[in-house]
Amino acid sequence: MSQPRSLYIHVPFCAHRCGYCDFTLVAGKDHLAEKYLDALTLEIDRELQRIDKSDSAAHPNPELDTVFFGGGTPTQLSAQQLERLCEIVHDRFQLTAETEFSVEANPARMTDDRIAVLSDAGVNRISLGVQSFDDATLTMLERDHRRADVFDCVDRIRKRIENISLDLIFAVPGQSLALWESTLQTAIDLSPTHLSTYGLTFEKGTAFWTRREKGELPQAAEDLERQMYEVAMSKLAAHDFDQYEISSFARPGFRCRHNQIYWSGKTYFGFGPGAASLMNNERRQNHRSVTTWINKVLAGESAIGEVEELDPKSFARELLVLSLRTNDGVTRKTFHEQTGFDIANLAGESINRLMDQGLIQEVDSTIRLTYEGRFLADTVAGELL
Ligand code: SF4
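Everything in this summary refers to the structure shown in the same document. (Residues numbered from 1 in each chain as written. Predicted model: local features only at pLDDT ≥ 70, side-chain atom pairs only at ≥ 80, totals over all residues. Heavy atoms only, no water.)

## Notes on the sheet that holds strand β14 (residues 304-309)
Alright, step 1. Reading across the sheet, the three strands line up as β12-β13-β14 and stay open at both edges, with antiparallel pairing between neighbours. Strands at the two margins of the open sheet, each flanked by one partner only, are β12 (276-279) and β14. Taking each pair of neighbouring strands and ignoring which way they run, the sheet shows an average axis angle of 15°.
Alright, step 2. Summarising the sheet, β12 and strand β13 (residues 282-286) pair through four bridges and their orientation is antiparallel. Bridge pairing links Ser 277 to Arg 284 in β13. (Pairing = 2+ DSSP bridges. Helix = DSSP H or I, 4+ residues; strand = E, 2+ residues; numbered from the N terminus. Axes fitted to C-alpha atoms, helices over the stretch in contact; angles between N-to-C directions.)

Structure, rendered in structure tokens:
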């Protein structure tokens, strides 16, 4: 595996944990931010020293094609802390004019000083957690911004950073199809370069899961959720958004390059609590507890929670599943060149079964999900893994 040219940094702070969220984060503990940044600096330095020792050909300051700050809420950090975070990256990696530098942002926290710091540091793509333009839906989701904040914040970001992606959630309890359509239309009217749409999931351990189990929170009916996804696909296609992955829609030239790294099986660095990295034929995931991660790194101990050695066959199967998430699909020849495996030998029977079920199709040696398959992508993944 080649040295990564992509970097993910997990920023684990939020003002409040939303009822549906099971991400790695701490809520209301901003006082840990400086310690987090100290630990992050140490973690990156150690990893780069390790690479330097084990690979004499490796550059001590690797050049990056993509950088992504995700969370949590990166913009929960103050402007000064964001500046420090960007400096940590710039001091240790080489970013070029071509590097895609994305930051996830919360509309309630995107103040002008934060926007200025990010833009000055070369951030050229903002992924804004809008989720809805309906205040009642935002309240249901326990988000801390309101519809008006989104318009205001998009205007202010655009003065410095033009490439803006919006995240939206559908199948929220109480959300009608008409309301979802109007949410999509409002998003389109804002002219973002990219949209991501996700159906609300109820994850075990979240407050929403408990409330649903107690009968306090009705989950959207399956056929309504399907209709909502259908409407998203047709409406966005009609407005020149290319659906290039199950949940991702981009105007021409604005696919998220960082996410495409994950789906193409390329290597990447990951730092911060819960962050995953892929390199040296292994996938590593850091401790998910923010305080454990901070304490371990600051004590000079390893912050890695799990290491999975990727044998070639498992890696190939995983790549097959990830590639099928994309609308470009997977080409037999390219797959063989990248993994050394023939798709027919690796998963021929499953592929045939999924084709018989109408969930995948093959055109000119390229296999991809059918329209129906996009609704059942998890079933396809389960069959292939
Ligand atoms: S703002 Fe995002 S990351 Fe933070 S708790 Fe809410 S859903 Fe989770």
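Right, picking up where we left off after that structure.
## Section: the sheet that holds strand β16 (residues 360-363)
Alright, step 1. The three strands are arranged β15-β17-β16 in an open sheet whose pairing can be described as antiparallel. Bordering the open sheet on either side are β15 (330-331) and β16, each of which pairs with just one other strand.
Alright, step 2. Pairing of β15 with strand β17 (residues 366-369) involves two bridges; the strand directions are antiparallel. Looking at β17, one finds that Val 330 is bridged to Ile 367.

## Remarks on the packing of aromatic side chains
Two aromatic rings, taken as a pair, are described by how far apart their centres are and by the angle between their planes.
Alright, step 1. Scanning all chains against the criterion turns up 15 aromatic pairs.
Alright, step 2. Ring geometry for Tyr 371 versus Phe 375: centroids 5.4 Å apart, planes at 75°, classification edge-to-face. Here Tyr 371 pairs with Phe 375, and both are found in helix α14 (residues 371-375), just four residues apart, close to one helical turn.
Alright, step 3. Overall, Tyr 371 belongs to the partly exposed group, its relative accessible area being 40%.
Alright, step 4. Of the aromatic side chains, those joined through ring pairs into one cluster are Phe 170, Trp 180, Tyr 229, Tyr 371 and Phe 375. (Phe/Tyr/Trp six-rings, centres within 6.5 Å; stacked < 30°, edge-to-face > 60°. Buried < 20%, exposed > 50% of the residue type's maximum accessible area, 1.4 Å probe, protein only.)

## Some remarks on helix α2 (residues 79-92)
Alright, step 1. Over its 14 residues, α2 runs 20 Å from end to end, which matches the ideal 20 Å to within 8%, given 1.5 Å per residue.
Alright, step 2. For α2, the secondary structure elements touched by its buried residues are β1 (6-11), α1 (33-54), β4 (63-71), β5 (94-105) and α3 (112-120). (Expected span 1.5 Å × (residues − 1). Contact = heavy atoms within 4.5 Å.)

## Details of the site of the ligand
Alright, step 1. Taken together, Cys 14, His 16, Arg 17, Cys 18, Tyr 20, Cys 21, Phe 23, Leu 25, Gly 72, Thr 73 and Arg 143 make up the full set of residues adjacent to the ligand.
Alright, step 2. Class assignment for the residues of the shell around the ligand results in six nonpolar, three polar and two charged. (Near = heavy atom within 4 Å. Nonpolar A, V, L, I, M, F, W, Y, C, P; charged D, E, K, R; others polar.)

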